[in-house]
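Coordinate analysis (summary)
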Amino acid sequence: HPKRVAPIGVYPETKHPSYFQGIGKPLEEPLVRLLHQYGYRGTDAPVYIQSFEVANLRKLNRMTRVPLVQLLNGSGKPYDFVLSGDPRGYADLVKPAGLAEIRSYAQGIGANTGLMIPLVAGRLGTPTKLVKDAHAAGLIVHGWTFRAENVFLPDDFDSSADPAAIGNLAGQIDAFLALGMDGLFSDQSFLARKAIDAYVKR
């Protein structure tokens, strides 16, 4: 019975919410109903709901107390901004004013790694102030997506010229944890967990 089983952590994303809203099949109501049915309620529930759009997170904020996360890409704009004619893009949302606005409806941001540490000629460059600014706004920061293959890693952490070979994912993760990043997405979760555990033990 759902009430007798401790919920495990889940991190659902509402995909294309404006589209589904437009065809009369909004995602928010069934998602919240299902989460609440299985005990995912309140700010301490082991769940985050994430979205690249803004309006549906605002709607979810009125429907549930589970944590919400605004996804932020390195370019472009939320699609609901396109539909509404809002001129702002993700570049505006990562500024202090944008982060303060996000805090009015969400508890965290899910940031493209390049927003925290941009790549310069394929290598990690100078960190931005995003993590510091987000924390100052009261937001947690989760980074995406950390991948272990050389083709996805910054050149600093490649193990060889073979693009499919596994490189030094832990080295890349260390650089972001040192900024204060609170969590991450990885295609190799076991390697990411190992890297986080080793970082914490130092």
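Let me sum up the structure you'll find in this document. It should be emphasised that the depicted structure is a prediction, and the values quoted were computed from it without experimental measurement. (Residues numbered from 1 in each chain as written. Predicted model: local features only at pLDDT ≥ 70, side-chain atom pairs only at ≥ 80, totals over all residues. Heavy atoms only, no water.)

Check the secondary structure of the protein chain and you find 10 helices and 7 strands. Taken over the C-alpha atoms alone, the protein chain extends approximately 50 × 45 × 35 Å along its principal axes. Counting across all 202 residues of the protein chain, residues that qualify as buried make up 41%. For the protein chain, contacts bridging at least 24 residues in sequence account for 59% of all contacts bridging at least 6. Total accessible area computed for the protein chain in this model is approximately 10,700 Å², and 57% of it derives from carbon and sulfur atoms. (Helix = DSSP H or I, 4+ residues; strand = E, 2+ residues; numbered from the N terminus. Buried < 20%, exposed > 50% of the residue type's maximum accessible area, 1.4 Å probe, protein only. Contact = heavy atoms within 4.5 Å. Areas by Shrake-Rupley, 256 points an atom, 1.4 Å probe, with all protein chains shown as cover.)

Here the focus is unusual backbone geometry. Of the consecutive residues Trp144 and Thr145, the connecting peptide bond is found in the cis state with omega at -15°. With respect to the helices and strands, the residue Thr145 is situated in strand β6 (residues 140-146). Positive phi is not limited to glycine here, since His16 has a value of about 50°. Examined against the element boundaries, His16 turns out to sit in the segment before α1 (17-22).

Any functional reading would require information beyond the geometric quantities listed.
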